[in-house]
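Examining the three-dimensional arrangement
Now for the letters of each chain:
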Amino acid sequence: DHNLFETTEERILSSKILFHRRKGSSILQLAIGAPSSPKVSNLLMYEFDRIVASAVAKDFVTYTRYADDLTFSAKRTGYLN
């Protein structure tokens, strides 16, 4: 379990750093393209990455991800079938 923001102060600070609110809107949106985006996706996708990497490793396939780019690689083409 990854409790990213345990205190109210951490939640308030993170909302100011990681999110933006369009002028006139009450909705917070994730700041896409911000330098923090890869870190945020890594935190949010940790369990997914662990499950996928474990599942494909059984077939000698390596799984890697950077932001929204998923890569599956293997020593032999046949392993990717």
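What follows is about unusual backbone geometry. Not every positive phi belongs to a glycine, and Phe60 is a case in point at roughly 60°. With respect to the secondary-structure elements, Phe60 resides in the loop between α3 (46–57) and β3 (62–66).

Turning our eyes to something else, we now look at a nonpolar patch on the surface. A cluster of nonpolar side chains, namely Phe48, Leu70, Phe72 and Leu80, defines an oily patch on the protein surface of about 370 Å² accessible area. Summarising the element assignment, Phe72 is placed in strand β4 (residues 69–73). When its relative accessible area of 39% is taken as the criterion, Phe72 is described as partly exposed.

For the rest of this paragraph, the subject is the environment of Ile17. One can find Ile17 in helix α1 (residues 8–18). For the pair Ile17 and Val56, spaced 39 residues apart in the sequence, the C-alpha separation amounts to 35 Å.

Criteria and thresholds
Residues numbered from 1 in each chain as written. Predicted model: local features only at pLDDT ≥ 70, side-chain atom pairs only at ≥ 80, totals over all residues. Heavy atoms only, no water. Helix = DSSP H or I, 4+ residues; strand = E, 2+ residues; numbered from the N terminus. Patch = residues over 30% accessible without salt bridge, like charges linked within 9 Å, V, L, I, M, F, W, Y side chains within 5 Å. Areas by Shrake-Rupley, 256 points an atom, 1.4 Å probe, with all protein chains shown as cover. Salt bridge = Lys/Arg side-chain N within 4 Å of Asp/Glu carboxyl O. Buried < 20%, exposed > 50% of the residue type's maximum accessible area, 1.4 Å probe, protein only.

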